[in-house]
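Examination of the molecular architecture
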Amino acid sequence: LCVFAAAQPKILKQSSYAKEELEQYIANTRPELNLRYRLHYHVAPPVGWMNDPNGFSYYKGEYHLFYQFYPYDSVWGPMHWGHSSSPDLVNWKTLPTALLPDQEQCFSGSAIVDGDTMILMYTGHEITDKEPYYNETQFLAFSDDGVAFTKYAGNPVLPAAPNGSPDFRDPKVWKHGKHWYVVLGSKTDDNRGRVLLYRSFDLIEWEFLRVLGESTGDLGYMWECPDFFELGGKHVLLWSPQGMEPNGDRYKNLHQTGFIIGNFNYNNFEFVQETKFQELDYGHDFYASQTMEKDGKRYVVAWFNMWEVPHPEEVDGWAGAMTIIRELVLVGDRVLQKPLDKMISLRDESVINGQVDENQVIELGHTGEIIISGDLEKKIELLVEGRNGGGQALLRWDPEVGKVVVDRAGDVRQVEWSPIGSHSWRLFLDASSLELFCGEGEVVFSSRVYPDGEWNLTNLSPQTLNVEAYKLKRSVPL
Ligand code: FRU
């Protein structure tokens, strides 16, 4: 949270920009970006800084994806909501900034649709003059076109956590029967993360129902960005705990994003947990995920970065990205992440389709989709790196220990993998990212990597692999 306080002085100077001036500023500043790491098919800020996905929703025939946005610098600052929309979750365009800070900074939240109206519920983060120098309450904003938003005059609608904690943020709203429900991230008085559940008839008067989940000590000091939804007949609580201790291969990022599966009923609102906390993604850069449901499918997106690590694109005038959208599927006690079928429409030139011998190099473009299969009885090892260096990552299957390893220049993430179906890997490379989907999506790694120039992929395995590879088309604005 020190990061929230550190960027404070900028507020006075810059949050008073009017909306038109802001859009003009964005248009003027965009041509100045250094484009070397600009992503081709991942949503990124037009200029400046991005963190959490917000308001992931479907409204009047389009998907909407908002995000935590600070336009005036490529580091975190007073939060706005940036905005993108898409017909298909793969091709995105940039819309005008949806929320600008006033007295309150516009922290994370969600969107729902009620008839013709799109409603954003977000956290108003306000600076105070006594410790911890901020307070958080919940705000609403409305739109009848999905582009221009008006803040509700009666804000805040949820003025305080039951225990008065100033950490009270990231509302995720949904409708069930006649009620709206919201989960909010917060903490106990003795600094254990928790999720609070509320309900309302009108989004304005809220009734506190109960604590839906709470750390007993080992799940962190603060729970951010909670999400709660039905999946495959169960309920999943997905959130981002801050402050979990690393434990062997697990929890090696500064903060985690993961889930617990259980049962929930709307009679007593109790969430009966059936599994332990599991990370959703095993890569270096995956945080503050948010889901949405459409036509019975549950989609997830996350901030494709981590707090308090270097963001090499920062010097280029922008920082941060969203992961590709994935579909979530429940199988037993695991939640699979699957790339969307529609991703195939981005395939451009085919680079190879056949056997790749040991030490053979495949020359890709700035992007690539690569499907790899080999003999899992033997070691598989692939080196991805920039044609002129940089961006090195070793992707390895180690049959001795049954683990998939992503070794980003010595910074290792690894996890056991026992395929439940397909034995192949699907790797997505973009100008500064990799996303590795193993098998049916039972193990996924999302990591930012920064190559010099286009990608090379080298087969370092002591075996010949089958490889199908494509360059991919651009689906987001430069
Ligand atoms: C998560 C988070 C949220 C908060 C937002 C502020 O990354 O800390 O809890 O609303 O970022 O930008």
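About the thresholds
Here, residues in each chain are numbered from 1, in the same order as that chain's written sequence. A pLDDT threshold of at least 70 governs which residues receive local features in this predicted model, and a stricter bar of 80 or more applies before side-chain atom pairs are shown or counted, although totals over entire chains, interfaces and linings include all residues. By convention in this description, side-chain values take in all heavy atoms of the structure and omit both hydrogens and water. Here, a strand pair is defined by DSSP locating no fewer than two bridges between the strands. Runs of E in the DSSP output that reach at least two residues are strands. Runs of H or I that reach at least four are helices, and both are numbered from the N terminus. Fitted lines through C-alpha atoms give the axes, limited to the stretch in contact for helices. The angle between two N-to-C directions lies from 0 to 180 degrees. Cavity and pocket criteria rest on a 1 Å grid covering protein atoms alone: a 1.4 Å probe that fits but cannot get out defines a cavity, protein on both sides within 12 Å along at least 5 of 7 lines defines an open pocket, and an atom within 4 Å of a point defines a lining residue. Grid points are joined across faces, edges and corners, and a volume is the space filled by probe spheres set on the points. Burial classes follow relative accessibility: with a 1.4 Å probe on protein chains only, a residue under 20% of its type's maximum area counts as buried, one over 50% as exposed, and anything between as partly exposed. Any residue outside Ala, Val, Leu, Ile, Met, Phe, Trp, Tyr, Cys, Pro, Asp, Glu, Lys and Arg is labelled polar, Gly included; the first ten of those are nonpolar and the last four are charged. Boundaries of every domain are those given by an automatic assignment or by a domain database. Pairs of residues are marked as contacts when any of their non-hydrogen atoms sit within 4.5 Å. Accessible area that two parts lose when put together, with a 1.4 Å probe and added across both, is what the buried area reports. What counts as a salt bridge is simple: a side-chain nitrogen of Lys or Arg found within 4 Å of a carboxyl oxygen of Asp or Glu. For this description, a residue counts as near a given molecule or strand if any of its non-hydrogen atoms is within 4 Å of it. Distance and chemistry together define a polar contact, namely a pair of N or O atoms within 3.5 Å, with one atom able to donate a hydrogen and the other to accept it when in protein, and with adjacent residues in sequence counting only for side-chain atoms on both sides. Each accessible area is a Shrake-Rupley estimate made with a 1.4 Å probe; only the visible protein chains count as cover when residues are assessed. Note on ring pairs: Phe, Tyr and Trp rings are taken, using the six-membered ring of Trp, and paired if centres are within 6.5 Å. Classes follow the plane angle, with under 30 degrees stacked, over 60 edge-to-face and the rest tilted. As a reminder, the over-ring test applies to NZ of lysine and CZ of arginine, requiring each to be within 6 Å of the ring centre and within 35 degrees of the ring normal.

Some remarks on the sheet that holds strand S9 (residues 168–176)
The sheet built from four strands is open, its strands ordered S9-S10-S11-S12 with antiparallel pairing. If you trace the sheet from one side to the other, it starts and ends with S9 and strand S12 (207–214), each paired once. On average, each strand axis in the sheet is tilted by 25° relative to the strand beside it, whichever way the strands run. The pairing of strand S10 (residues 179–187) with strand S11 (residues 193–200) spans eight bridges and is antiparallel. Bridged to Trp-180 within S11 is Ser-200.

Focus: the layout of surface pockets
By volume, the largest pocket is sized at about 520 Å³. In terms of lining, the largest pocket is formed by 22 residues, of which the most central are Val-173, Trp-174, Lys-175, Glu-293 and Arg-298. Sorting the residues of the lining of the largest pocket by element identifies strand S1 (48–59), strand S5 (105–114), S9, strand S13 (222–231) and strand S18 (287–294) as the ones contributing at least two each. When residues of the lining of the largest pocket are assigned to their parent elements, the largest contribution, five residues, is made by S9. Taken as a whole, the second largest pocket encloses approximately 450 Å³ of empty space. Asp-218, Leu-219, Tyr-251, Lys-276 and Phe-277 are the residues nearest the centre of the second largest pocket, which is lined by 20 residues in total.

What to know about the pairing of S10
In terms of residue burial, S10 counts as a mostly covered element, since nine of its nine residues are buried. What sits between S9 and S10 in their antiparallel hairpin is a turn of two residues, with Gly-177 showing a positive phi close to 60°. Counting the residues that bridge the hairpin from S10 to S11 gives five residues, and of these Asn-191 lies at a positive phi of roughly 60°.

Side note on empty space enclosed by the protein
Tallied over the entire structure, the rule returns seven cavities of 30 Å³ or more. Considering only enclosed or pocket space, the second largest cavity measures out at about 80 Å³ in volume. Along the wall of the second largest cavity there are 13 residues; nearest its centre are Arg-38, Val-43, Ala-44, Val-476 and Pro-477. The class makeup of the residues in the lining of the second largest cavity is seven nonpolar, three polar and three charged.

Looking at the domain arrangement of the chain
If you check the domain split of the chain, you get domain 1 (2–341) and domain 2 (347–472). Computed from C-alpha atoms alone, the centre-to-centre distance between domain 1 and domain 2 is 30 Å. At the interface, 34 residues of domain 1 touch 36 residues of domain 2. Together, the buried faces of domain 1 and domain 2 total about 2,900 Å²; carbon and sulfur atoms form 51% of this surface. The three residues of domain 1 that bury the most area against domain 2 are Tyr-41, Tyr-282 and His-284, which together make up 24% of that side's buried surface. The tally of links from domain 1 across to domain 2 stands at five salt bridges. For the salt bridge of Glu-313 with Arg-448, the shortest nitrogen-to-oxygen distance reads 3.2 Å. For the side of domain 1 that touches domain 2, the secondary structure elements donating two or more residues are strand S21 (326–331) and strand S22 (334–339). Per-element tally for the side of domain 1 that touches domain 2: the top contributor is S22, with six residues.

Brief notes about the site of the ligand
As a matter of local geometry, the ligand sits amid 13 residues, with Asp-52, Gln-68, Arg-169, Asp-170 and Glu-224 nearest to it. The side chain of Asp-170 places a nitrogen or oxygen atom 2.6 Å from an oxygen atom of the ligand. Trp-307 places a side-chain nitrogen or oxygen 2.9 Å from an oxygen atom of the ligand. Taken by itself the ligand offers 320 Å² of open surface, and the protein chains cover 99% of this. When contributions to the shell around the ligand are tallied by element, the ones reaching two or more residues are S1, S5 and S9.

Looking at the packing of aromatic side chains
In the structure shown here, the tally under the stated rule is 30 aromatic pairs. Between Phe-66 and Trp-81, the ring centres sit 5.5 Å apart and the planes meet at 50°, which makes this aromatic pair tilted. Here Trp-81 lies in strand S3 (residues 80–86) and Phe-66 lies in strand S2 (residues 62–70), a separation of 15 residues in the sequence. With a relative accessible area of 0%, Phe-66 lands in the buried category. For the ring pair Trp-397 and Trp-417, a centre distance of 5.5 Å and an interplane angle of 85° mean the geometry is edge-to-face. Of this pair, Trp-397 sits in strand S27 (residues 393–398) while Trp-417 sits in the loop between strand S29 (411–416) and strand S30 (425–430); the two residues are 20 residues apart in sequence, bridging distant segments of the chain. Here Trp-397 matches Trp-417 in class, with each residue buried. Put simply, the rings of Trp-174, Tyr-181, Phe-228, Phe-264, Tyr-266, Phe-269 and Phe-271 pair up and form one aromatic cluster. We note Arg-38 situated over the ring of Trp-318; from NZ or CZ to the ring centre the distance is 4.8 Å. The residue whose ring lies beneath Arg-448 is Phe-304, and the NZ or CZ to ring-centre distance is 5.9 Å.

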